[in-house]
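Coordinate inspection notes
Each chain is listed here by its residues.
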Amino acid sequence: MIDDERGYFFGFARGTYGEVLSELSKTRVNSWRTSSIPLAEFWQPANLGRIGRLLYKYLPDFNPVCALKFFEFPTDALSDGERIGRPSMTDIMILEAGVQIAVEGKMTEYVRFADKTVREWLNEGVGAADILLRHRILKAWLRYIHNADCTGLEGFADFKSNCMDISYQFLHRTASACNKAGLKGGTIPVLLYQLFYDANDAEHIQKMEEFKAELRRWAAALKLQNMKFLVISAPVVNMDEVKAHFDGMHGEIFDTMRDESIYRFDFDATTVEAVIDTPEEEK
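Counting of residues starts from 1 at the beginning of each chain's written sequence and follows it residue by residue. Where local features are concerned, this predicted model is filtered to residues with pLDDT of at least 70; where side-chain atom pairs are given and counted, the filter is 80 or more; whole-chain, interface and lining totals use all residues. Computation of side-chain values: all heavy atoms of the structure, hydrogens and water removed.

Next up on the list: the overall build of the chain. Starting at the N terminus, helices and strands are each numbered in turn, a helix being any DSSP run of H or I of at least four residues and a strand any DSSP run of E of at least two. Scanning the chain from N- to C-terminus turns up eleven helices and seven strands. Since a compact globule built from 283 residues should have a radius of gyration of about 19 Å, the 19 Å found for the chain is in line with a globular shape. Its C-alpha atoms give the chain principal-axis dimensions of roughly 50 × 40 × 40 Å. Contacts in the chain between residues far apart in sequence, at least 24 positions, make up 72% of those at least 6 positions apart. All accessible areas in this document rest on Shrake-Rupley with a 1.4 Å probe, and a residue is counted as covered only by the protein chains that are shown. Split by element, the accessible area of the chain, about 13200 Å² in all, is 47% carbon and sulfur. Side-chain charges of the chain comprise 33 positive and 43 negative groups, with the mean position of each set lying 5 Å from the other. Our radius of gyration is a C-alpha quantity, and the globule rule it is checked against amounts to 2.2 Å times the number of residues to the power 0.38. We call two residues contacting when some pair of their heavy atoms lies within 4.5 Å. Just so you know, the count uses Lys and Arg for positive and Asp and Glu for negative, and it drops His and the chain ends. The location of each charge is read from NZ of Lys, CZ of Arg, CG of Asp or CD of Glu.

Residues F42, W43, I101, F254 and Y263 are the most contacted members of the largest nonpolar core, which totals 47 residues. Those residues in contact with Y263, other than ones at most four positions away along the chain, are W32, R33, I37, P38, E41, M107, V236, N238, M239 and V242. As used here, the term nonpolar core means buried Ala, Val, Leu, Ile, Met, Phe, Trp, Tyr and Cys residues forming a set that is joined through side-chain atoms within 4.5 Å. Residue burial is assigned from relative accessible area. The probe radius is 1.4 Å, only protein chains are included, and a residue is buried under 20% of its type maximum, exposed over 50%, and partly exposed in between.

Here we take up the pairing of strand β2 (residues 68-79). Two elements, strand β1 (residues 8-9) and β2, share two bridges in a ladder whose sense is parallel. By the bridge assignment for β2, Y8 is matched with K69. Pairing between strands is defined by DSSP: at least two bridges between the two strands are required. Pairing between β2 and strand β3 (residues 82-96): ten bridges, direction antiparallel. From the neighbouring strand, F73 faces β3, where its bridge partner is T90. In this structure, the hairpin formed by β2 and β3 is closed by a connection of two residues, where D80 is found at a positive phi of approximately 55 degrees.

Here we take up helix α10 (residues 239-246). A turn of α-helix holds 3.6 residues, and therefore any two residues three or four places apart point the same way. If you check which residues of α10 are buried, you get M239, V242 and F246. Buried positions in α10, seen along its axis, are confined to an arc of 60 degrees and lie on one side of it. Seen from the buried face of α10, the exposed residues on the opposite side, beyond 90 degrees, are D240, A244 and H245. Within two residues after α10, G248 carries a phi angle of roughly 95 degrees, on the positive side. Note: the arc covers the axis-to-C-beta directions of the helix.

For the rest of this paragraph, the subject is the pattern of salt bridges. Oppositely charged side chains can pair when the atoms bearing their charge come close. What counts as a salt bridge is simple: a side-chain nitrogen of Lys or Arg found within 4 Å of a carboxyl oxygen of Asp or Glu. This model, assessed by the stated rule, comprises 14 salt bridges. Two residues, E23 and K26, come together in a salt bridge whose shortest N-O distance is 3.2 Å. Given the relative accessible area of 63%, K26 is considered exposed. Put simply, K212 and E209 hold a salt bridge, and the shortest N to O gap is 3.3 Å. One end of the pair, K212, and the other, E209, are both in helix α9 (residues 202-221), three residues apart, so they sit about a helical turn from each other. Given a relative accessible area of 4%, K212 falls into the buried group.

Moving on: the sheet that holds strand β7 (residues 271-274). With mixed pairing, the seven strands of this open sheet are ordered in space as β1-β2-β3-β4-β5-β6-β7. Looking along the sheet, the strands with just one partner apiece sit at the ends: β1 and β7.

Before going further, it helps to spend a moment on the pairing of β3. As paired elements, β3 and strand β4 (residues 99-106) share five bridges and run antiparallel to each other. Of the residues in β4, the one forming a bridge with I92 is V103. If you look at the hairpin formed by β3 and β4, you'll find two residues sitting between the two strands, and G98 has a positive phi there, around 95 degrees.

Right, let's get into the environment of I205. Residue placement: I205 occurs in helix α9. Classification of I205 as partly exposed rests on a relative accessible area of 28%. Filtering out sequence-adjacent residues up to four positions away, I205 remains in contact with Y197, D198 and A199.

These values are about where atoms sit, not about what they do.
In structure tokens form, the structure reads like this:
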């Protein structure tokens, strides 16, 4: 029974996978294509052993069965102890002894539109006060990464010279992975992008590869170091079936997931890639 599997959290005490599905059903879901659906199904209890084997090369001590898995995990931007702006909502924050993993799931997002850049996000500011606030938020995200010793950037001026065209979401997801972590404290920050794709759609696969190239470019611009940045590419083999059976459904699809499978993944064809080099301490 899915409610017998513990270690899943969405802001409640018991922490079962079934409770996660119940809470996810209340979240905003635009369609069956929304990435939170395959992500939740991929990380279901029955798949944890296979996930551990997939990640073993890069995280040999990681045990996803024992790890705590917090869905829709908020990380606040803090400036002088004050919460500023909106929190970064990580799809799944996974905590276990020695690792802190921020999981970002994507499926059709990288096909349909480009990520908003830091420059574009800053230019949305209205008035001097709002623009100043946005600069403070950027500094807060960069501080989390810098405090974990996960960037080679020298400071905010260096960031503004090199990183204005990286994804703003990528920046605060990286900051979430690094917040209160770092090799010096004995916790490896891990940023994990999980990309789902239609195994029968060549264009979808091409778009995914283009997005991977963007991830590598953003990581290089941010000069990431002393952390792990992994990409899981997970093929979905029944996309047409999902569309036929679940088109028009929204959050209620998570309730259906309690009793039947929605997406089918080809675990044998699922790959894991490292975007940046393994920290010297781990080689």
